[in-house]
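# Geometric and topological summary
In case you want the letters, here they are:
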Amino acid sequence: MSASLIAKKLKQNYAASLVQAKILVVDDQPINIQLINQTLSQDYNVYMATSGKQAIDFCLNNQPDLVLMDVVMPEMDGLETCRQMKEMEELATIPVIFVTGLTEQDEEDECWEAGGIDFLTKPVNPVTLRNRVKAQLTLKFQTDWLRDLAYFDGLTGVYNRRYFDDYYLRQINHSKRCNQPLSLMMIDIDFFKQYNDNYGHLSGDDCLVMIADCLQSVFQRPSDIIARFGGEEFVAVLPDTEVEGVKLLAQKTIEKVQSLNIEHNHSPFGIITISIGIAHKSGNDLDDSPLTLKADQQLYKAKANGRNTFMG
Ligand code: GH3
Ligand code: MG
Ligand code: MG
Ligand code: MG
């Protein structure tokens, strides 16, 4: 998702997500899926899986918002499927409601222990089903929304400073533990004060959104992140990346921002440009001074060197 789309989503109320909710119904008997589908398909997008393996594959590819899970299934039962989901980082937060013909107390207990968030017995009462599903989906979207508010910058939709601080720490530890290099790019818009003064703060905001989207499109690896460091400064964290690779990426970033061709009559370049400071550490580097500090020093050099360039 582009950064500006994330920013737009943050401004929407989480309730808007309810109508687009994706629900996966898992049951080895298609007739049971049909019954649930009849109750839910008017309000939600309902999908089906007839085995635990199919369910996990579907979840990995489609990230449903809720799973309704049968317990007794051949090969892998619902309890094991749920346990496996809870152990996978990508699937752990998908809520699972068990739907089962089992009625014993200890059988219900097992469903809660496997990681289920609710429990329904067959034959399912449609009114109960509809309301439990709505309650769990509301909770899920509220939680997602709060997490996004905590991690993303509201204007630009890239990660915020809080997320960066946390991610950077994790990557420093990963770099030491796995003896892998780590690189950082500090990115600052040139003559941005003049841009605001001449085109107005709202145009300045629009410009920040365009730059954020552009930066997001440059960094493609799943482990690369771009965050708003503050004001008109962005920071990119590039794990497992050697310094030569970072230099190529910095040049590409500068060119990509130039190609946006955003008019800036009060810059000697005539368009919006950026300067970049690069910092790098190898896995066994004993120097513990923060990469942010080093990247900032290089950024100052890039500014002193005429701007629209990188140093490091
Ligand atoms: P340099 O080329 O040396 O980086 O000069 P500059 O003018 O870009 O740098 P300076 O740090 O002096 O100014 C940064 C400006 O960024 C100041 C402020 O008006 C603007 N700015 C910071 N945050 C925002 C924001 O959220 N929206 C808008 N529109 N402007 C912002
Ligand atoms: Mg069954
Ligand atoms: Mg600036
Ligand atoms: Mg600045």
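Our structure's up above, just so we're on the same page.
What you see is a predicted model, and the numbers here were worked out from it, not measured in a lab.

## Describing the nonpolar core
One broad rule of soluble globular proteins: the nonpolar side chains tend to lie buried together. With 30 residues, the main nonpolar core has M185, I211, F219, F234, I272 and I276 as its most contacted residues. Secondary structure elements with two or more residues in this core: β6 (182-189), α8 (192-199), α9 (201-218), β8 (233-239), α10 (243-260) and β9 (274-281). One finds V71, V96, F98 and F119 within the second-largest nonpolar core, a separate group that totals 22 residues.

## Quick notes on the coordination of the magnesium ion (ligand 4)
Protein-derived coordination of the magnesium ion (ligand 4) comes from D188 (OD) and E232 (OE), at a distance range of 2.2 Å. Separating the magnesium ion (ligand 4) and the magnesium ion (ligand 3) is a distance of 3.6 Å, and D188 donates to both of them. Of the two residues, D188 sits in strand β6 while E232 sits in the loop between β7 (225-230) and β8, which places them 44 residues apart along the sequence. Both residues of the pair, D188 and E232, count as buried.

## Details of the packing of α9 against α10
Running from N to C, α9 and α10 point in directions that differ by 140 degrees, and their axes come no closer than 10 Å. Here α9 lies oblique to α10, going by the angle between them. Here the hand of the crossing between α9 and α10 comes out right-handed. For the pair formed by α9 and α10, the contact residues are M210, I211, C214, L215, S217 and V218 on the first element and L249, K252, T253, K256, V257 and L260 on the second.

## Quick notes on the sheet that holds β7
The strand order across the open sheet built from five strands is β7-β8-β6-β9-β10, with neighbouring strands paired in mixed fashion. The strands lining the two open edges of the sheet, one partner per strand, are β7 and β10 (310-311).

## So, the pattern of salt bridges
Scanning the entire structure with this criterion turns up 15 salt bridges. The salt bridge partner of D166 is R170, with a shortest N-O separation of 3.3 Å. Placement of the pair is D166 and R170 together in helix α7 (residues 161-178), with a separation of four residues, close to one helical turn. Linking D197 and K193 is a salt bridge whose minimum nitrogen-to-oxygen distance equals 3.2 Å. Here D197 and its partner K193 are both found in helix α8, four residues apart, which amounts to about one turn of the helix. Judged by relative accessible area, which is 54%, D197 ranks as exposed. Look at K193 and you get exposed, because its relative accessible area is 59%. Each of the salt bridges in this network shares a partner with another, and the network as a whole consists of D65, K140, D144, R147 and D148.

Basis of the calculations
Residues numbered from 1 in each chain as written. Chains lettered and ligands numbered in written order. Predicted model: local features only at pLDDT ≥ 70, side-chain atom pairs only at ≥ 80, totals over all residues. Heavy atoms only, no water. Core = buried A, V, L, I, M, F, W, Y, C linked by side-chain atoms within 4.5 Å. Buried < 20%, exposed > 50% of the residue type's maximum accessible area, 1.4 Å probe, protein only. Helix = DSSP H or I, 4+ residues; strand = E, 2+ residues; numbered from the N terminus. Donors = N, O, S within 2.8 Å, 3.2 Å for Na, K, Ca; no water. Axes fitted to C-alpha atoms, helices over the stretch in contact; angles between N-to-C directions. Parallel < 35°, antiparallel > 145°, perpendicular 65-115°, else oblique. Left-handed = near helix turned anticlockwise from the far one by under 90°. Contact = heavy atoms within 4.5 Å. Pairing = 2+ DSSP bridges. Salt bridge = Lys/Arg side-chain N within 4 Å of Asp/Glu carboxyl O.

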